[in-house]
Amino acid sequence: MPIDFQITLNGEPYAVNGDARLIGLIEGLKLKRGRVAVEINREIVPKAQWSSVTLAPGDIVEIVNFVGGG
Amino acid sequence: MKDDTFELAGKRYKSRLIVGTGKYRDFAETRAAIEESGAEIVTVAVRRVNITDPNKENLLDYIDPKKWQILPNTAGCYTVEDAVRTCRLAREAGVGDLVKLEVIGDQATLFPDVPATLEAARILVKDGFKVLPYITDDPVACLRLAEIGCAAVMPLAAPIGSGMGIRNPFNLRIILEQAKVPVIVDAGVGTASDAAEAMELGCDGLLINSAIASAKDPIAMARAMRLAVEAGRLAYGAGRIEQKLYATASSPLSGLIR
């Protein structure tokens, strides 16, 4: 069965297709590995697990980085 | 005052000025101001990545975490849960375990929610974080935070971004007298004289963002703040003269021509 489902990514609906692995999502977004942190359904996913964790329909994913602030 | 380095959370720094990275026109200006300030620790905020434009430049492309100690904050957090969650995400993003804890209690003043800050600090210290809490200039709250195991306390001088300067030097003096951890004034500084005043009181460090970033010339203000922090610290160490109501002549009273 082809992979095609919706997740919520940073508060917006997002379509996952072809690759359900978390690493696929991060690489697809061209994010720099050392600069971001990821939560799935409020659980932090350590970098070492990005390749083994797969996304499921309806997952709530947060990807954060650092921005200017005091 | 020969070896006047600043020790914070087990690390030594030459500069006692910590600067923020918010409100600058662009990243180039952010970096130039930080360079000019001489700061070795810079605060950053944790926010969702820009999904629609992932090629957008990143703050850390300009502020190399190998060169500067990155201090993530929990700005915008109003609950213990959000603050703790933000710190854990920041640590996971790979800049270490030093965090600036803010749990805001009121949108208009951005004053901290003191009980929530204490609770979040307890959780974070237990979780291995080196916690630098933003707090009101309340000596008892500062004592409690130190007891919990915070690496420093960071009382505000005036509301964040207000530029009102040191509104209650007397409370700061009490906090300093009682402190068993470094005291870093965080928020409220408007200009160089405020920075010098905080350092003359004996504060260990100073955290400034708006006063530099929102100045007409942020680079020049960054330099002014660096010099003011150094001057204030030197004056503190040198020991100021007593304030007296009446004059004391500087020139000899004898040998005058008649």
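Please read all numbers here as calculations on a predicted model, not as lab measurements. (Residues numbered from 1 in each chain as written. Chains lettered and ligands numbered in written order. Predicted model: local features only at pLDDT ≥ 70, side-chain atom pairs only at ≥ 80, totals over all residues. Heavy atoms only, no water.)

### Examining the overall build of chain A
Rule in force here: A helix here means a DSSP run of H or I that spans at least four residues, while a strand means a run of E at least two residues long, and both kinds are numbered starting from the N terminus. Each radius of gyration is computed over the set of C-alpha atoms, and the globule rule expresses the reference value as 2.2 Å times the number of residues to the power 0.38. Accessibility here uses a 1.4 Å probe with only protein chains present; expressed as a share of the type maximum, an area under 20% marks a residue as buried, one over 50% as exposed, and anything in between as partly exposed. The contact rule is simple, with two residues in contact once any of their heavy atoms fall within 4.5 Å.
When its secondary structure is counted, chain A shows one helix and five strands. For chain A, the succession of helices and strands along the chain, N to C, is β-β-α-β-β-β. A compact globule built from 70 residues should have a C-alpha radius of gyration of about 11 Å, and chain A, at 12 Å, falls within 12% of that. With the C-alpha coordinates aligned to their principal axes, the bounding extent of chain A is approximately 45 × 25 × 20 Å. Buried positions account for 46% of the 70 residues belonging to chain A. Counting contacts in chain A only where the partners sit at least 6 residues apart, residues at least 24 apart contribute 52% of the total.

### Quick word on the packing of helix H5 (residues 139-148) of chain B against helix H6 (residues 169-178) of chain B
All names here are of chain B. How we decide: Only the stretch in contact is used when fitting a helix axis, every axis being a line fitted to C-alpha atoms; angles between N-to-C directions are given from 0 to 180 degrees. An angle counts as roughly parallel when it lies under 35 degrees, as roughly antiparallel when it exceeds 145, as roughly perpendicular when it falls between 65 and 115, and as oblique in every other case. Helix crossings fall into two classes, left-handed where the near helix is turned counterclockwise from the far one by less than a right angle and right-handed where it is turned clockwise. As a working rule, the residues Ala, Val, Leu, Ile, Met, Phe, Trp, Tyr, Cys and Pro are called nonpolar, Asp, Glu, Lys and Arg charged, and the rest polar, with Gly in that last group.
At a minimum axis separation of 9 Å, H5 and H6 run at an interaxial angle of 30°. Classified by the interaxial angle, the pair formed by H5 and H6 is roughly parallel. Handedness of the crossing formed by H5 with H6: right-handed. In contact with Pro139, Cys142 and Leu143 of H5, H6 contributes Asn171, Ile174, Ile175 and Gln178. Looking at the contact of H5 with H6 residue by residue, the classes come out as five nonpolar, two polar and no charged.

### What about the confidence of the model for chain A?
In plain terms, the rule: What pLDDT conveys is the predictor's confidence in a given residue, as a value from 0 to 100.
Across chain A, pLDDT averages 93, with 99% of residues at or above 70. Ranking the elements of chain A by mean pLDDT puts helix H1 (residues 22-28) of chain A last with 93 and strand S3 (residues 37-40) of chain A first with 97.

### Some remarks on the pairing of strand S4 (residues 41-48) of chain B
Each regular strand shows side chains that alternate between the opposite faces of the sheet. Just so we agree on the cut-off: Pairing between strands is defined by DSSP: at least two bridges between them are needed.
Summarising burial for S4(B): six of the eight residues are buried, a large majority. Here five bridges tie strand S5 (residues 60-68) of chain A to S4(B), and the two strands are oriented antiparallel to one another. Paired with A:Val67 across the bridge in S4(B) is B:Ala45. Relative to S4(B), strand S3 (residues 17-19) of chain B runs parallel, the two being bridged by two bridges. What sits directly across from B:Ile18, in S4(B), is B:Ile41. With four bridges joining them, S4(B) and strand S5 (residues 69-72) of chain B adopt parallel strand pairing. Opposite B:Val42, over in S5(B), you have B:Ile70 as the bridge partner.

### So, the interface of chain A and chain B
Definition in use: Two parts placed together each lose some accessible area under a 1.4 Å probe, and the buried area is that loss summed for both. We define a salt bridge as a contact between a side-chain nitrogen of Lys or Arg and a carboxyl oxygen of Asp or Glu at a distance within 4 Å.
Contacts between chain A and chain B engage 28 residues on the former and 32 residues on the latter. When the two sides are added together, the surface that chain A and chain B hide from each other amounts to roughly 2,600 Å², 55% of it contributed by carbon and sulfur. When the buried surface of chain A facing chain B is broken down by residue, A:Arg35, A:Phe66 and A:Gly70 rank first, second and third, together holding 28% of it. Across the contact surface, chain A and chain B share four salt bridges.

### Comments concerning the sheet that holds strand S8 (residues 154-155) of chain B
Residues and elements named next belong to chain B. The parallel open sheet is built from three strands, whose spatial order is S6-S7-S8. Looking at the sheet topology across the chains shown, the edges are occupied by strand S6 (98-101) and S8. Examined bridge by bridge, strand S7 (residues 130-135) and S8 share two bridges and lie parallel to one another. The partner of isoleucine 135 across the bridge, within S8, is proline 155. Each of S6 and S7 is contacted by helix H4 (residues 114-126), which is oriented at about 175° to S7, the strand it contacts most.

### Things to note about the packing of helix H1 (residues 27-37) of chain B against helix H9 (residues 218-238) of chain B
Residues and elements named next belong to chain B. One way to put it is that H1 packs onto H9 with a least axis distance of 7 Å and a crossing angle of 25°. The angle between H1 and H9 falls in the class roughly parallel. Pair H1 / H9 crosses with right-handed handedness. In contact with Glu29, Ala32, Ala33, Glu36 and Ser37 of H1, H9 contributes Pro218, Ile219, Ala222, Arg223 and Arg226. When the residues that make up the contact of H1 with H9 are grouped by side-chain class, the tally is five nonpolar, one polar and four charged.

### Some remarks on the nonpolar core
How we decide: Here the nonpolar core consists of buried residues drawn from Ala, Val, Leu, Ile, Met, Phe, Trp, Tyr and Cys, with membership extended through side-chain atoms lying within 4.5 Å.
Grouped together as the largest cluster of nonpolar side chains are 70 residues, with contacts concentrated most on A:Phe66, B:Leu101, B:Ala195, B:Leu206, B:Ile208, B:Ile212 and B:Met225. Apart from the residues lying within four places of it in its own chain, the contact partners of B:Leu101 are B:Thr74, B:Ala83, B:Thr117, B:Ala120, B:Ala121, B:Leu124, B:Val131, B:Leu132, B:Pro133 and B:Tyr134. The next biggest cluster of nonpolar side chains, apart from the first, holds 21 residues, and it includes A:Phe5, A:Leu22, A:Ile23 and B:Val49.

### Thoughts on H5(B)
Residue and element names in this part refer to chain B. By the burial criterion, the buried members of H5 are Pro139, Ala141, Cys142, Leu145 and Ile148. On the buried face of H5, the contacting elements are H4, S7, S8 and H6. One or two residues past the end of H5 sits glycine 149, with phi positive at roughly 115°.

### A word on the environment of B:Ala235
All names here are of chain B. Inspection of the secondary structure assignment puts alanine 235 in helix H9. Distance from alanine 235 to aspartate 61, taken between C-alpha atoms, is 37 Å for residues 174 residues apart in sequence. Every residue in contact with alanine 235, bar those within four places of it in the chain, is listed here: Glu200 and Arg240.

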